[in-house]
Amino acid sequence: MYRFPTVLHRRKLSSTTSIPLELPLSHPIYTIWGSNTDVGKTLVSAGIAASYLLSSTSPVKFHYLKPLQTGFPSDSDSRFVFNKLRHLRNRKTNPNISLSASNNILNVSPAVRDSAKEIDRFEGEEGSSTSSELICKTLYAWDEAVSPHLAAEREGFVVEDSAVLETLQHCFREVVESGVDKERSGVLSIVETAGGIASPGSSGSLQCDLYRPFRIPAVLVGDGRLGGISGTISAYESLTLRGYDVVAIIFEDHGLLNEGPLLSYVRNKVPVLVLPTVPKDPSNDLMEWFEGSQNIFSNLKEIMLSAYSERIKKLHEMPNKARDIIWWPFTQHKLVPDGGVTVIDSRCGENFAVFKDKKTEVIAPLFDACASWWTQGPDAIMQAELAREMGYTAARFGHVMFPENVHEPALNCAELLLQGVGKGWASRVFFSDNGSTAIEIALKMAFRKFSLEHGLIPDSHENATDEKSTELMVLALQRSYHGDTLGAMEAQAPSSYTGFLQQPWYTGRGLFLSPPSVSMHNNKWNISIPEDFQSENLKNESIIFDSRDEIFHKRRDDSELAPVYSSHISKVLSEFRGSSKIAALIMEPVIQGSGGMHMVDPLFQRILVNECRSRKIPVIFDEVFTGFWRLGVETAVDLIHCEPDIACFGKLMTGGMIPLAATLATDGVFDSFLGDSKLKALLHGHSYSAHAMGCMAAVKSIQWFKDPLSNPNIASEGRLLRELWNDKLVLKISSHSAVQRVVVLGTLFALELKAEGSNAGYATLYARPLLQKLREDGVYMRPLGNVIYIMCGPCTSPEICNQLLVKLYDRLEEFDGCKN
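Tallying secondary structure elements over the protein gives 24 helices and 31 strands in all. A compact globule built from 820 residues should have a C-alpha radius of gyration of about 28 Å, and the protein, at 31 Å, falls within 12% of that. For the C-alpha atoms alone, the extent of the protein along its principal axes is close to 100 × 65 × 55 Å. Looking at the protein residue by residue over its 820 residues, the buried ones come to 55%. Restricting the contact set of the protein to residue pairs at least 6 apart, pairs at least 24 apart contribute 73%. Accessible surface for the protein amounts to roughly 35,400 Å². Of this, 50% is attributable to carbon and sulfur atoms. Side-chain charges of the protein comprise 81 positive and 96 negative groups, with the mean position of each set lying 2 Å from the other.

Right under this line is the structure:
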């Protein structure tokens, strides 16, 4: 029976679906793409079907799927394949081959509802107990012979991308549920697209983007006509730039020898096959042409089957090979269980596509709830945009030297940083390659400024090689983390990362304060104040809040807690004695990430900054984690209402696509490095400083995240993200008996599991069973001991965030029950 889904509003791209888009690997599935319209995609589909079905000595199945069809019913590609196979079967010479076939149309526009035939069918030969089977399906069809987006709009039958993908997924599942040969040789499926690579689908999305969540291996039907070399190469590049694997290029011979330049271009990495010229006589039924092309299609079929087998082999071998030769970061290899290595086949927006080998082999989505160690933010559309921009930039620049030079991506990136995260305070941008090195640079900057202002460099024009014996130290916070390079580790408090086992040189060159922390528990936001603060007589209204927003309000400067903080900080600094000097304050504003996802009271940090200002101690904000909308604002400066002298950025700055970091500084910091000698300059740099690809990715990401046309979550005139996490679910989880505390802000949701003794702390495996269950639910997470977190991107929809919280709560219920 026909199904007529509800007409949906047209959108640029809508790949969010209500079911996981799993690609079964139990049998080969390929997509047939055309370099343009009218290049013979359906001929190739029919030829592959004939080669597969009519040459097999045992019964096999061939599934032909046409997701989008216009010009229906007079033009039906599925019916063409159906009819050609029927005619070719009648001409076969092998008496042992029996073939049955069906052609079904699932959804049609109202314009062709009455004229569409429900099903075509022919059966295998009489007396045959088994026969091969051809199953043809058209998923969505329109009357007018134009691009699907035009036909859909004109006929009032717009189909969202998500509906197309879910219907295609349903067809895949039907194939698997019908039973697949264990030898993987009994079934072959192909999906034939409409028009060319970049032809729009029903919603207006380009088809190369529409089908990207599945990343089905591709056969590209090229163009053998004049101009076909250019069109074929362009189509090939469009597919590979989006991460598709093209296993073969095939096209019709027009006597122009297009295969030569194409082979040269692909450097023999991709087979190029040439079909005989197709007869133009409309009365020709093409039977002789198909028979004359049999060897070509047989070769193509073998290429497809071989590529599929090689893919399956690699996917199975990768975990063991990885365990033998790779040294993973932050991983105790002895504790990685059998089956604990996740094979990531690709990424599409917020999801990994991972290989799962359980009852059936599939490529399945896992929501990247770690934001790939806090770097990732793009949705599928932005990922494709970044890939194109980076490809253009790599082709234009490759890599170029930066000192005393400038190129457009670096200049544009610097301007955007100063107009955005550095607006109102920063005047200079120093580029590096990752967050840890950005911190090292910031420390050098701060120490120079402090030394100059405090007379440790008596005359900025004297010999810069003169050295002073004064030891410079930092003021930092307990639970801090600023990276893994040696200098950055010296600027953070003792932790699991700095112990003798990890860093035997560590001395901890700092004064480390215990900060008050903020979290939600039992529906209330609470401030936890360390014992060494003199705060016994504080009223509840100073430490307990009904909403998170109250904690960030600047009116708290007049609260009774403010002088408690000020007195404590002043006392600690005044009591610091010795030859060492506190030469810089360095802190992660608001959220301490690797230290356990602790929220520091913003009032405390604001007062700490002011106390350092009064002592001319330069202030460094480590915003490598917190910057660029991670906390719901472009910079945490907007949350704590004070500005640094120096700030470090990375991770989400490039959308997580490529490493790049930046250290921003004020004029005062920059001026402290000016002088007549080069030795006065900041002698620090990296081979890939301000590399063009990273800068271009940063420019695109910064613009994308803060533009409401590309990021629907932007609110309040581009200064805030709307709330992504459902209040009721957050409150419910904060009151759960297994939960110690909750922190939720911007794209971050974190909780600490109640645990004692060896079950608490960074080294514990306490959370592993819970996280394993969540991975089964399609959510990829890594713990910080008994602290677990979900991180989305600035563009992630609140609906997806709510789904994640529901899954988390359900698993918490099971986890708590098992524990009890």
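Let us look at a nonpolar patch on the surface. Residues Phe330, Trp373 and Tyr762 make up a contiguous nonpolar surface patch of about 290 Å² in total accessible area. With respect to the secondary-structure elements, phenylalanine 330 resides in the loop between helix H9 (294-325) and strand E11 (343-348).

Spatially, the seven strands line up as an open sheet ordered E14-E25-E24-E23-E20-E15-E16, and their pairing is mixed. Because the sheet does not close on itself, it has two edges, and the strands there are strand E14 (428-432) and strand E16 (510-513). The sheet shows a mean angle of 20° between the axes of neighbouring strands, direction not considered. By the bridge criterion, four bridges tie strand E15 (residues 472-477) to strand E20 (residues 581-587) in an arrangement that is parallel. Looking at E20, one finds that leucine 475 is bridged to leucine 585. Contacting E14, E15, E20, strand E23 (619-622), strand E24 (646-649) and strand E25 (661-665), helix H13 (residues 435-453) runs over the sheet at an angle of about 145° to E20. Here helix H18 (residues 602-614) sits on the sheet and contacts E15, E16, E20 and E23; the angle it forms with E20, its principal contact strand, is near 150°.

On to the sheet that holds strand E10 (residues 272-275), then. The nine strands are arranged E5-E4-E6-E3-E7-E2-E8-E9-E10 in an open sheet whose pairing can be described as mixed. Unpaired on one side and paired on the other, strand E5 (119-122) and E10 mark the two borders of the sheet. Across this sheet, the average inter-strand angle for adjacent strands is 15°, counted without regard to direction. With five bridges connecting them, strand E3 (residues 61-69) and strand E7 (residues 187-192) associate as parallel partners. Within E7, the position partnered with lysine 61 by the bridge is valine 187. Here H9 sits on the sheet and contacts strand E2 (29-34), E7, strand E8 (218-221), strand E9 (246-252) and E10; the angle it forms with E9, its principal contact strand, is near 170°.

Once that is clear, we can look at helix H17 (residues 561-575). Here H17 contains 15 residues, and its C-alpha end-to-end distance of 22 Å stays within 8% of the 21 Å for a straight helix at 1.5 Å per residue. Buried within H17 we find Leu561, Ala562, Val564, Tyr565, His568, Ile569 and Leu573. All buried residues of H17 fall inside an arc of 165° around its axis, so they share one side. Across from the buried face of H17, at angles greater than 90 degrees, the exposed residues are Pro563 and Glu575. Among the structural elements, E15, E16, strand E18 (524-528), helix H15 (540-543) and H18 are those in contact with the buried residues of H17.

Our next topic: the pairing of strand E17 (residues 517-521). Across the five residues that make up E17, a large majority, four, are buried. Sheet analysis places E17 next to E18, joined by five bridges and oriented antiparallel. From the neighbouring strand, methionine 520 faces E18, where its bridge partner is tryptophan 525. Adjacent in sequence and paired antiparallel, E17 and E18 are bridged by two residues, among which asparagine 522 carries a positive phi angle near 55°. As defined by bridge partners, E17 adjoins strand E22 (residues 598-600) across two bridges and the pair is classed as antiparallel. What sits directly across from valine 518, in E22, is methionine 599.

Two elements in contact, helix H6 (residues 228-241) and helix H7 (residues 259-266), have axes separated by 10 Å at closest approach and are oriented at 30°. In terms of orientation, H6 and H7 fall into the roughly parallel class. Here H6 and H7 pass one another in a crossing that is right-handed. Between H6 and H7, the contacting residues are Ile229, Thr232, Ile233, Tyr236 and Glu237 on the first element and Pro261, Leu262, Tyr265 and Val266 on the second. Its residues assigned to classes, the contact of H6 with H7 shows seven nonpolar, one polar and one charged.

This paragraph deals with the pattern of salt bridges. Per the counting criterion, the structure on display carries 36 salt bridges. Of the charged contacts in the structure, one is a salt bridge between glutamate 453 and lysine 449, with a shortest N-O distance of 2.7 Å. Here the residue glutamate 453 and the residue lysine 449 both occupy positions in helix H13, the gap between them amounting to four residues, near one helical turn. By relative accessible area, glutamate 453 is classed as partly exposed at 38%. Put simply, lysine 554 and aspartate 557 hold a salt bridge, and the shortest N to O gap is 3.0 Å. For aspartate 557, a relative accessible area of 28% corresponds to the partly exposed category. When salt bridges that share partners are traced, they join Arg215, Asp245, Arg311 and Asp345 into one network.

The next subject is the packing of aromatic side chains. The tally for this structure, following the rule as stated, stands at 24 aromatic pairs. Seen in terms of ring centroids, phenylalanine 82 and phenylalanine 122 are 5.2 Å apart; in terms of plane orientation they differ by 50°. Their pairing is tilted. Residue phenylalanine 82 is found in helix H2 (residues 77-91), and its partner phenylalanine 122 is found in strand E5; the two are separated by 40 residues along the sequence. With a centroid separation of 5.9 Å and an interplanar angle of 85°, the aromatic rings of phenylalanine 330 and tyrosine 497 are classed as edge-to-face. Taken as a pair, phenylalanine 330 in the loop between H9 and E11 and tyrosine 497 in the loop between helix H14 (486-490) and E16 lie far apart in primary sequence, 167 residues in all. According to the relative accessible area criterion, phenylalanine 330 is partly exposed, its value standing at 39%. With relative accessibility at 11%, the residue tyrosine 497 sits in the buried group. Here the basic side chain of arginine 428 rests over the ring of phenylalanine 670, its NZ or CZ set 3.8 Å away from the ring centre. For the cation-ring pair, lysine 732 lies above tyrosine 809, with the distance from its terminal atom to the ring centre recorded as 4.5 Å.

Another point: unusual backbone geometry. Proline 73 follows phenylalanine 72 through a cis peptide bond whose omega is 10°. Mapped onto the fold, proline 73 is located in the loop between E3 and H2. Although it is not a glycine, aspartate 38 sits at a positive phi angle of roughly 60°. You can see aspartate 38 is positioned in the loop between E2 and helix H1 (41-54). For aspartate 38, a relative accessible area of 66% puts it in the exposed group. Look at glutamate 404: it is not a glycine, yet its phi comes out positive at around 60°. Classification of glutamate 404 by relative accessible area gives exposed; the value is 84%.

Cut-offs used in this document
- Sequence order as written defines residue numbering, which begins from 1 separately in each chain.
- Reporting of local features is limited, given that this is a predicted model, to residues whose pLDDT is at least 70; pairs of side-chain atoms are given and counted only at 80 or more, and all residues count toward the totals for whole chains, interfaces and linings.
- Calculated side-chain values reflect all of the structure's heavy atoms, with hydrogen atoms and water omitted.
- For the purposes of this entry, the term helix denotes a DSSP run of H or I that reaches at least four residues, the term strand denotes a run of E that reaches at least two, and both are numbered from the N terminus.
- With the radius of gyration taken over C-alpha atoms, the globule rule is written as 2.2 Å times the number of residues to the power 0.38.
- Throughout, exposure labels follow a simple rule: accessible area from a 1.4 Å probe, protein chains only, divided by the maximum for the residue type, with under 20% read as buried, over 50% as exposed, and the rest as partly exposed.
- Pairs of residues are marked as contacts when any of their non-hydrogen atoms sit within 4.5 Å.
- To be clear on the numbers: accessible area is Shrake-Rupley with a 1.4 Å probe, and residue cover counts the displayed protein chains and nothing else.
- The charge count treats Lys and Arg as positive and Asp and Glu as negative. His and the chain ends do not count.
- The atom standing in for a charge is NZ when the residue is Lys, CZ when it is Arg, CG when it is Asp and CD when it is Glu.
- A patch is a set of surface residues, each over 30% in relative accessible area and not in a salt bridge, joined within 9 Å for like charges and within 5 Å for the nonpolar side chains Val, Leu, Ile, Met, Phe, Trp and Tyr.
- Salt bridges, as used here, are contacts in which a Lys or Arg side-chain nitrogen is within 4 Å of a carboxyl oxygen on Asp or Glu.
- When DSSP finds at least two bridges between two strands, those strands are taken to pair.
- Here an axis means a line fitted to C-alpha atoms, over the contact stretch when the element is a helix, while the angle between two N-to-C directions is reported on a 0 to 180 degree scale.
- Each helix should span, by expectation, one fewer than its residue count multiplied by 1.5 Å.
- Directions are taken from the helix axis to each C-beta atom, and the arc is the one they span.
- Our angle categories are set so that under 35 degrees counts as roughly parallel, over 145 as roughly antiparallel, 65 to 115 as roughly perpendicular, and the remainder as oblique.
- Take the far helix as the reference: if the near one is turned anticlockwise from it by less than a right angle, the crossing is left-handed, and if turned clockwise, right-handed.
- Here the term charged refers only to Asp, Glu, Lys and Arg, the term nonpolar to Ala, Val, Leu, Ile, Met, Phe, Trp, Tyr, Cys and Pro, and the term polar to all other amino acids, Gly among them.
- Two rings from Phe, Tyr or Trp (for Trp, the six-membered ring) form a pair when their centres are within 6.5 Å of each other. A pair whose planes differ by under 30 degrees is stacked, one over 60 is edge-to-face, and the rest are tilted.
- Over a ring means this: the NZ of a Lys or the CZ of an Arg is within 6 Å of the ring centre and within 35 degrees of the ring normal.

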